[in-house]
Amino acid sequence: QVQLVESGGGLVQAGGSLRLTCAASGTSGSYAMGWFRQAPGKEREFVAAVSWSGGSAYYSDSVKGRFSISRDTDKTTVYLQMGSLKPEDTAVYYCAVRFRGASRLEGEYDYWGQGTQVTVSS
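Residues numbered from 1 in each chain as written. Predicted model: local features only at pLDDT ≥ 70, side-chain atom pairs only at ≥ 80, totals over all residues. Heavy atoms only, no water.

> Is there a simple way to explain the overall build of the protein chain in this structure?
Helices and strands together make up the secondary structure of the protein chain, namely zero helices and eleven strands. Secondary structure elements of the protein chain occur, N-terminal to C-terminal, as β-β-β-β-β-β-β-β-β-β-β. Relative to the 2.2 N^0.38 estimate, which gives 14 Å for 122 residues, the radius of gyration of the protein chain is 13 Å and therefore close to what a compact globule would have. Along the first, second and third principal axes, the C-alpha set of the protein chain runs to 45 × 25 × 20 Å. Across the 122 residues of the protein chain, 43% fall into the buried class. Long-range pairs, those at least 24 residues apart, make up 58% of the contacts in the protein chain with a sequence separation of at least 6. Summed over all atoms, the accessible surface of the protein chain reaches about 6100 Å², with 45% contributed by carbon and sulfur. Side chains of the protein chain give 12 positive and 11 negative charges; the mean places of these two sets differ by 4 Å. (Helix = DSSP H or I, 4+ residues; strand = E, 2+ residues; numbered from the N terminus. Rg over C-alpha atoms; globule rule 2.2 N^0.38 Å. Buried < 20%, exposed > 50% of the residue type's maximum accessible area, 1.4 Å probe, protein only. Contact = heavy atoms within 4.5 Å. Areas by Shrake-Rupley, 256 points an atom, 1.4 Å probe, with all protein chains shown as cover. Lys, Arg positive; Asp, Glu negative; His and termini not counted. Charge placed at Lys NZ, Arg CZ, Asp CG, Glu CD.)

> Just checking my understanding: could you explain the pattern of salt bridges for this structure?
A side chain with one charge may pair with a side chain of the opposite charge, provided their charged atoms come close. Taken as a whole and judged by the stated rule, the model has six salt bridges. Across the pair Arg37 and Glu45 runs a salt bridge whose closest N-O atoms are separated by 2.6 Å. Residue Arg37 is classed as buried on the basis of its relative accessible area, which comes to 6%. Given the relative accessible area of 35%, Glu45 is considered partly exposed. Where Arg66 meets Asp89, a salt bridge forms, and the shortest distance between an N and an O atom there is 2.8 Å. Here the residue Arg66 occupies a position in the loop between strand S6 (57–59) and strand S7 (67–71), and Asp89 occupies one in the loop between strand S8 (77–82) and strand S9 (91–98), the gap between them amounting to 23 residues. According to the relative accessible area criterion, Arg66 is buried, its value standing at 14%. Assessed through its relative accessible area of 1%, Asp89 is described here as buried. Members of the salt-bridge network, linked through shared partners, are Arg37, Glu45, Arg66 and Asp89. (Salt bridge = Lys/Arg side-chain N within 4 Å of Asp/Glu carboxyl O.)

> Can you walk me through the nonpolar core in this structure?
Note that soluble globular proteins tend to have their nonpolar side chains buried in a common cluster. With 27 residues, the main nonpolar core has Met33, Trp35, Leu80, Met82 and Tyr93 as its most contacted residues. Of all the secondary structure elements, the ones that give two or more residues to this core are strand S3 (18–25), strand S4 (32–38), strand S5 (45–50), S7, S8, S9 and strand S11 (116–121). Met82 has contacts with Gly16, Ser17, Leu18, Leu20, Arg66, Phe67, Tyr93 and Val118, leaving out every residue within four places of it along the chain. Phe36, Phe46, Ala49 and Ala96 belong to the second largest nonpolar core, which has five residues in total. (Core = buried A, V, L, I, M, F, W, Y, C linked by side-chain atoms within 4.5 Å.)

> Mind showing me how you'd approach the environment of Gly8 here?
Within the element layout of this structure, Gly8 appears in the loop between strand S1 (3–7) and strand S2 (10–13). With a relative accessible area of 34%, Gly8 lands in the partly exposed category. Residues Gly8 and Lys42, spaced 34 residues apart in sequence, show a C-alpha to C-alpha distance of 22 Å. Ignoring sequence-local partners within four residues, the contact set of Gly8 consists of Leu18, Arg19, Leu20 and Thr116.

As structure tokens, then:
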């Protein structure tokens, strides 16, 4: 059974930084990993995704240049380094796995974590 556990969320002031971690277990084969977020009253949206090799990364326009996604050499852990945080980045952040290439589409991911709350104060 694939399990994803996110960590690293918290409260931070605007302009600050946080690093989210997602650890995958029960996986086999190659898979892409992605981060999505859902703010109160809004739909879940794509944030970033990384290929199995870690060589290709994709970002939403809203976070490009501020966030960086990477995965560990063991391939089972993915990080989201978030910088220059804004109050509008406040959301629950979810990690997801897709047993194909990276995608920006929520519906194409196969497994999801429970999420970690990120709150950015102004």
